[in-house]
Amino acid sequence: MALEHALLVSLSEQSGSGYELARRFDRSIGFFWNASHQQIYRVLKRMDESGWVTGETVGQQGRPDKRVYRVSGAGRAELARWIAEPTDAGHLRNELAVKIRGAAHGDLDALRAEVSRHRDAHAGRLEVYRLIEKRDFPAPERLSGTDLHQYLVLRGGIRVEEGFSQWCQEVLDALLPATDRSTALNPKGMRE
């Protein structure tokens with residue numbers, strides 16, 4: 001996916017300035033597609049030159065004028081073309097997984113600390129996603145259109161974070177020294 005397509009999606013939901021788009025990225029799309037503020041401004045300029053968006057200068061009281069962008073007809077056509085285009089099923093590319101695979105050649109205490117840090121980070125992100133779900137989508141069964149689509153993406157993020165947090169805990173349980181593992185597990189091999 002090109003940043004252009006992420007911006008077209010965001011601008012299709014609501015027009016905005018480069019600054020407003022950057023803030024939206026920080027609060028939503030940025031959870032699964034990163035872009036710096038400078039990248040967003042550069043790409044918006046390129047999209048404007050390509051005719052995918054139109055920009056209008058809006059005066060502001062006591063502040064510099066801002067340029068507000070909207071998706072053009074050509075931009076809507078490009079977005080529709082891109083949505084219909086097949087997407088590769090991504091591969092898990094995770095540095096932590098490679099470190100775990102090489103655990104026999106390193107410091108297990110340091111690796112356990114790193115896995116714990118990742119587990120906690122994913123658990124924290126999961127908590128944020130669940131708060132967003134509760135705040136923004138209290139009745140998901142009544143959703144349709146853009147609201148439903150946003151909710152479905154959020155649910156995907158929740159599932160990913162749940163899975164990654166659980167996997168990190170599974171790794172931590174497995175990497176416990178043998179003496180600690182026997183006391184941490186009940187007779188059926190489950191954590192108490």
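None of these values were measured; they are calculated from a predicted model.

Visitor: Please explain the overall build of the chain as it appears in this structure.
Guide: Summing up its helical and strand segments, the chain has eight helices and three strands in all. Helices and strands in the chain line up, N terminus first, as α-β-α-α-β-β-α-α-α-α-α. A compact globule built from 192 residues should have a C-alpha radius of gyration of about 16 Å, whereas the chain, at 22 Å, is more than 25% larger. Taken over 192 residues, the chain has a buried fraction of 30%. Sequence-distant contacts in the chain: of pairs separated by 6 or more residues, those separated by 24 or more amount to 51%. Roughly 13000 Å² of accessible area belongs to the chain as shown, and the carbon and sulfur atoms make up 52% of that amount. Side-chain charges of the chain comprise 28 positive and 27 negative groups, with the mean position of each set lying 2 Å from the other.

Visitor: What exactly am I supposed to notice about the environment of Asp26 here?
Guide: Residue position: Asp26 is located in helix 2 (residues 18-27). Linking Asp26 and Ala89, residues 63 residues apart in sequence, is a C-alpha distance of 25 Å.

Visitor: Please explain the packing of helix 6 (residues 108-136) against helix 7 (residues 145-174) as it appears in this structure.
Guide: Packed helices, taken two at a time, are described by their axes: the angle between them and the distance between them. Relative to each other, helix 6 and helix 7 sit at 155°, their axes nearing to 8 Å. It follows that helix 6 is roughly antiparallel to helix 7 by the angle criterion. As for how helix 6 packs across helix 7, the hand of that crossing is left-handed. Looking at side-chain class alone, the contact of helix 6 with helix 7 contains 12 nonpolar, six polar and eight charged residues.

Visitor: I tried to follow the pairing of strand 2 (residues 53-60) on my own but got confused; where do I start?
Guide: Consecutive side chains of a regular strand alternate in pointing toward one face of the sheet and then the other. Strand direction decides the pairing type here: strand 2 and strand 3 (residues 63-71), joined by seven bridges, are antiparallel. Looking across to strand 3, one finds that Gln60 is bridged to Arg63. In this structure, the hairpin formed by strand 2 and strand 3 is closed by a connection of two residues, where Gly62 is found at a positive phi of approximately 75°.

Visitor: Any chance you could explain the environment of Arg42 here in plain terms?
Guide: One can find Arg42 in helix 3 (residues 37-50). On a C-alpha basis, the gap between Arg42 and Gly18 in space is 9.4 Å, while along the polypeptide they are 24 residues apart.

Visitor: Can you walk me through the confidence of the model for the chain in this structure?
Guide: Detailed reading of predicted coordinates is not advised where the pLDDT is low. When pLDDT is averaged along the chain, the result is 88; 90% of the residues meet or exceed 70. For the chain, helix 8 (residues 178-184) is the element with the lowest average pLDDT, namely 54, and helix 6 is the one with the highest, namely 95.

Visitor: Looking at this structure, I do not really get the environment of Arg155. What am I missing?
Guide: Mapped onto the elements of the fold, Arg155 is located in helix 7. Accessibility expressed as a relative area gives 26% for Arg155, which makes it partly exposed. C-alpha of Arg155 to C-alpha of Phe32: the two residues are 123 residues apart in sequence and 12 Å apart in space.

Reading guide: rules and limits
Residues numbered from 1 in each chain as written. Predicted model: local features only at pLDDT ≥ 70, side-chain atom pairs only at ≥ 80, totals over all residues. Heavy atoms only, no water. Helix = DSSP H or I, 4+ residues; strand = E, 2+ residues; numbered from the N terminus. Rg over C-alpha atoms; globule rule 2.2 N^0.38 Å. Buried < 20%, exposed > 50% of the residue type's maximum accessible area, 1.4 Å probe, protein only. Contact = heavy atoms within 4.5 Å. Areas by Shrake-Rupley, 256 points an atom, 1.4 Å probe, with all protein chains shown as cover. Lys, Arg positive; Asp, Glu negative; His and termini not counted. Charge placed at Lys NZ, Arg CZ, Asp CG, Glu CD. Axes fitted to C-alpha atoms, helices over the stretch in contact; angles between N-to-C directions. Parallel < 35°, antiparallel > 145°, perpendicular 65-115°, else oblique. Left-handed = near helix turned anticlockwise from the far one by under 90°. Nonpolar A, V, L, I, M, F, W, Y, C, P; charged D, E, K, R; others polar. Pairing = 2+ DSSP bridges. pLDDT = per-residue confidence, 0-100.

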